[in-house]
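Topology and contacts: notes
Spelled out from the first residue to the last, the chains are:
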Amino acid sequence: MFKRITQEEWTTVVPIISFCLLCAVFVATTIRALRMPRGERDRLAALPTGNDGEAATQNESPLS
Amino acid sequence: MANATTTTITYDDRSVRHFMTASVIWGLVGMLVGVLIATQLSWWQMNGKFLESISFGLFKGEGLQYLTFGRLRPLHTNAVIFAFVGNMMFAGVYYSTQRLCKVRMASDLISRIHFWGWQMIIVAAAITLPAGLTRGKEYAELIWPINLAVAVIWVLFAVNFFWTLSRRNEPSLYVALWFYIATIVTVTMLYVVNHLSIPTSLVHSYPIFGGLQDGLVQWWYGHNAVAFFLTTPILGIMYYFLPKAANRPVYSYRLSIVHFWSLVFIYIWAGPHHLLNTALPRWLQMLGMLFSLMLWAPSWGGMLNGLLTLRGAWDRLRTDPVIKFFVGALTFYGMATFEGPLLSIRAVNELSHYTDWTIGHVHAAALGWNGFMAAGMFYWMAPRLWKTTLWSKSLANMHFWVGLVGILLYVAAMWTAGITQGLMLGETNPGGGTLKYEFVETLKAIQPTYILRSLGGGLYLIGFLMCAVNLWKTARSGVAGDESVEITIPESNREPMTLGATFFNDPVKLTLLGLLFMVLWIFLPPHADKAALIGTVIFAARAVYVFRTNKESWIHWHDRLLANHLPFTILVFAAVAIGGSVQIIPSLLVNREKNIEGRLQIPYTPLELAGRDIYIREGCYNCHSQMIRTLVPDVMRYGRSKVKDDYSHLGESLYDHPFQWGSKRTGPDLAHEGGELASGSTSMRLGKRDNKWHWFHFQNPRWANDDSNMPPYPWLYEGKTDFASLPGKIAVQSRLGVPTPARSGDAIEEEARAQGLEIARSLFEGSGPVSYEPMKGASSAELVRRFSESEVVAVIAYVQKLGSYREVHKQGGSEPTPLDPDSYRAAGHPEDKVPAGATTDAR
């Protein structure tokens, strides 16, 4: 199996593995977001973006 | 301070609404065709056979000529570029130009003619392209009468635009207008040069350039269609609409200046990167690669200028779909303009070229940059144009996410497909003497990613459908109306600029001198070139010094330039004309028959020419290249076994009007598919495969290989070759410089028919004759007579001719040629002396 992936058919296997890994990250993130409690989701959606104006109005920045 | 008067201006927003509506409709059409042709690469039945199922048997056949990939792919690209983005661009330009100039468009009549003329051109394209009426050059397929219509309508647009500029109530030109000016000037130049043709009939013409020269002109045009039709006008739109949407001024005015001038100057040189590792002279390949790498800087400068405009407004990204689309678009712009130069590196291009990697790159830009900029602009403009609010913000948000997932799926699938196929095509068996995979095996390996591509494209289409619904509902909920504003007209205190003042100043003088020495560095013989390089460095250093010591006068000069649109336009033209001239003019002078040493193409016989025109009509170039690159795997795969160094040489396609090098291989390269004259024959050739193989293959490609995705071509067996048009076509070829023997029209037709008979006899007579089901029971004489006039025989004649050449040797060898830097290199290094375009890989 290892020899097949690394030597014999790496040209066909490695790009597909890369693609699957990329998709897995997106799918895992999506599932996590969908299963997240609403309160946590809202909190993450409202994380400060570091704008001066926003920090002044929301006064939520931990650095302020 | 000048005295000011006030006046009320009513903008022509009706034209904006028209263009925007047309863009949405044509966008849906173009994307739908795109999804259809994506499925055709997975299931050959989608080339027309599927109609049997959905028409409940009314349609019967293995395919329909109007629906094949070869004919629909040009429809897709033209619809998306010229219909979707074109109309979107016009909507953005009309909306913003009036407001930036504080004046209504100069002529309502011209605006109407522009709108309706452009739509008629699109309708004409939508009819002619599926009908197989094409010039056979990518993104330049439209036939010559439509080309003329495009030129007229484009000029009318230019007249209306510059007339509006001349009546403006705002003294200085804002950065968005600079980009619009560059678009109008450059597209005019590119379109005219690349469409120069000699007609042979009302619907057919041959381009005046052939072979390498046609390739160079085509990709100078093709690359810069991306630059000046899909990029610069959209950057102008970004510079206007993003600050408006974010309610912030643009991040850096100075960066805008650097971004603009460097982008328009550098972009135009990068075209040859579409022809890397081909028969294109090496010096052009290097220039194309270097200028592509230089493009990284201005492209990212523009992206950062856009993104940093959002400083202080990033929180709006959460709530405002317009900002969301603009940020998404700029991010894709940055990604695509990073990837473009990367793919232009010759070593990377070895792997990526002719594969789906390029397709993924193009779609990251088209779907991400153009599509999202269009959506953001539409969502911003629609409520203002119909004096209402956006019907559904959440639907717009949904559009964004569905579209984004669609793009990512599409692009990642194409990256995977391209890299997989590129790697597989280069793989050899242990020992390196033979290739590991057949072409069709590589195609089979990427089929799963092709299906994911269709899915991604489908998602993007669904997202855009949401946009269309949202805009439709928004329009229905409001009332169309033209905006009126009261403006202040400052008393004119414009400082006019003469032609002398335009050119004779430090910024222009030093730039032009530096460029002149850079060009001399490219073309001068050894040692003199080094002196020229020193000259370039001296003028560059001088420019930096003068700018540092005299900055105010440079700024003043540019400010004056911005108040004078004609001098500005002249300088833009100079900036874009230099690159094309340096690359194309020497090639037109040098790369001609008289300078060819080595392989020189044998011109086509009349029947082969007829077959070639059918090949072009069917859009075969969309899947089959005719360019064996100077790379070992290419030569091993497509070269002829008994011919040494069998890559495509410059002279082999010298008489091809148009060139057919292609840009993507969904099927194998065909450059050397043909072969020698058959024994005892004066015209019939036999290549890698015999005539019967081609007969069965065109009828059913699955006969040759189960995994082929090529559509069948049953109509070639029913269609008759157009012999009557051949004398006229050959006369035009002769005018274009193709060395055709002088003979009468009757002799040409007779010659074509004789060759057709010979090929038909080879099919129906002798051992193992082929059969034709609809003529079951017919005698071989009947079949020979019938098929000697058929299109399939003409195409077979053409395919069997591909790659035929004669050797030309010059006494005493070739001398260094002025305007051909490669010849100096070869003279200086005899051990490197390989024909133009060749790399050491091929030896």
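Rules of the game
- Residues numbered from 1 in each chain as written.
- Chains lettered and ligands numbered in written order.
- Predicted model: local features only at pLDDT ≥ 70, side-chain atom pairs only at ≥ 80, totals over all residues.
- Helix = DSSP H or I, 4+ residues; strand = E, 2+ residues; numbered from the N terminus.
- Rg over C-alpha atoms; globule rule 2.2 N^0.38 Å.
- Buried ≥ 20, exposed ≤ 12 C-beta atoms within 10 Å, placed from the backbone.
- Contact = placed C-beta atoms within 7 Å.
- pLDDT = per-residue confidence, 0-100.
- Domains from an automatic or database assignment.
- Axes fitted to C-alpha atoms, helices over the stretch in contact; angles between N-to-C directions.
- Left-handed = near helix turned anticlockwise from the far one by under 90°.
- Nonpolar A, V, L, I, M, F, W, Y, C, P; charged D, E, K, R; others polar.
- Parallel < 35°, antiparallel > 145°, perpendicular 65-115°, else oblique.
- Expected span 1.5 Å × (residues − 1).
- Core = buried A, V, L, I, M, F, W, Y, C linked by C-beta atoms within 7 Å.

1. Some words on the overall build of chain B
- The helix and strand inventory of chain B stands at 33 helices and 6 strands.
- Computed over the C-alpha atoms, the radius of gyration of chain B is 28 Å, within 12% of the 28 Å expected from 2.2 N^0.38 for a compact globule of 843 residues.
- In terms of overall dimensions, chain B has C-alpha extents of about 95 × 75 × 55 Å along its principal axes.
- Put simply, chain B has 843 residues, and 52% of those count as buried.
- Restricting the contact set of chain B to residue pairs at least 6 apart, pairs at least 24 apart contribute 82%.

2. Concerning the confidence of the model for chain B
All names here are of chain B.
- Looking at chain B as a whole, its pLDDT mean stands at 94, while 97% of the residues score no less than 70.
- Below a pLDDT of 50 lies the segment residues 834-843, which in the model reaches 27 contacts outside its immediate sequence neighbourhood of four places, other chains included.
- What the predictor reports for the complex is a pTM of 0.93 with an ipTM of 0.72.

3. Some thoughts on the domain arrangement of chain B
Residues and elements named next belong to chain B.
- Here chain B is partitioned into domain 1 (4-478), domain 2 (499-562) and domain 3 (595-809).
- Relative to domain 3, the C-alpha centre of domain 1 lies at a distance of 34 Å.
- On the side of domain 3, 48 residues touch domain 1, which itself brings 46 residues to the contact.
- Listing elements by their share of the side of domain 1 that touches domain 3, those giving two or more residues are helix H3 (69-101), strand S2 (197-201), strand S3 (204-207), helix H7 (211-228), helix H15 (356-385), helix H16 (393-426) and helix H17 (439-445).

4. Examining the interface of chain B and chain A
- Facing the 13 residues of chain B at the interface are 14 residues of chain A.
- A total of 6 residues in the side of chain B that touches chain A trace back to one element, the largest contributor, which is H16(B).

5. Some remarks on the environment of Thr666(B)
All names here are of chain B.
- In this fold, Thr666 is placed in the loop between helix H25 (632-638) and helix H26 (691-699).
- C-beta crowding within 10 Å serves as the criterion here: with 24 such atoms nearby, Thr666 is assigned to the buried category.
- Measuring from C-alpha to C-alpha, the distance between Thr666 and Leu390 comes to 43 Å, with 276 residues separating the pair along the chain.
- Excluding its chain neighbours within four sequence positions, the residues that come into contact with Thr666 are Leu41 and Cys623.

6. With respect to the packing of helix H9 (residues 253-267) of chain B against helix H11 (residues 296-308) of chain B
All names here are of chain B.
- In contact at an axis separation of 8 Å, H9 and H11 are set at 145 degrees when each is read in the N-to-C sense. Handedness of the crossing formed by H9 with H11: left-handed. On H11, the residues touching Leu255, Ser256, Val258, His259, Ser262, Leu263 and Ile266 of H9 are Ala297, Pro298, Gly301, Gly302 and Asn305.
- When grouped by side-chain class, the residues that make up the contact of H9 with H11 number 6 nonpolar, 6 polar and no charged.

7. What to know about the confidence of the model for chain A
- Predicted confidence across chain A gives a mean pLDDT of 75, with 64% of residues reaching 70 or more.
- Note that pLDDT drops below 50 for residues 54-64 of chain A; the model gives that stretch 10 contacts with residues more than four away or on any other chain.

8. Some thoughts on the packing of helix H20 (residues 506-523) of chain B against helix H21 (residues 528-549) of chain B
Residue and element names in this part refer to chain B.
- Two elements in contact, H20 and H21, have axes whose closest approach is 7 Å; the angle formed by their N-to-C orientations is 160 degrees. The orientation of H20 relative to H21 falls into the category roughly antiparallel. In this structure, the crossing between H20 and H21 has a hand that is left-handed. Between H20 and H21, the residues in contact are Asp506, Leu510, Thr511, Leu513, Gly514, Phe517, Met518, Leu520 and Trp521 and Asp529, Ala532, Leu533, Gly535, Thr536, Phe539, Ala540, Arg542, Ala543 and Val546, respectively.
- Taken together, the residues that form the contact of H20 with H21 break down as 12 nonpolar, 4 polar and 3 charged.

9. Quick notes on helix H24 (residues 606-617) of chain B
Residue and element names in this part refer to chain B.
- Taking 1.5 Å of rise per residue, the 12 residues of H24 would be expected to cover 16 Å, and the 17 Å separating its terminal C-alpha atoms lies within 8% of that figure.
- Taken across its 12 residues, H24 has 12 buried, putting it largely inside the fold.
- Taken as a whole, H24 has its buried residues at Pro606, Leu607, Glu608, Leu609, Ala610, Gly611, Arg612, Asp613, Ile614, Tyr615, Ile616 and Arg617.
- Positioned one or two residues after H24, Gly619 has a phi angle of 70 degrees, which is positive.

10. Quick word on the nonpolar core
Residue and element names in this part refer to chain B.
- Among the nonpolar cores identified, the biggest contains 227 residues, and Ala176, Phe326, Met373, Phe378 and Val795 are the most heavily contacted of them.
- Composition of this core by domain shows at least three residues from each of domain 1 (4-478) and domain 3 (595-809).
- Excluding anything up to four places from it in sequence, Val795 contacts Gly611, Ile614, Tyr615, Phe698 and Leu716.

11. Focus: unusual backbone geometry
All names here are of chain B.
- Cis geometry is found at the peptide bond from His657 to Pro658, where omega equals 0 degrees.
- Note on placement: Pro658 falls in the loop between H25 and H26.
- Within the chain, Tyr354 stands out as a residue other than glycine whose phi angle is a positive 70 degrees.
- In this structure, Tyr354 sits in the loop between helix H14 (346-352) and H15.
- In this structure Tyr354 comes out as buried when scored by C-beta crowding, with 23 C-beta atoms within 10 Å.

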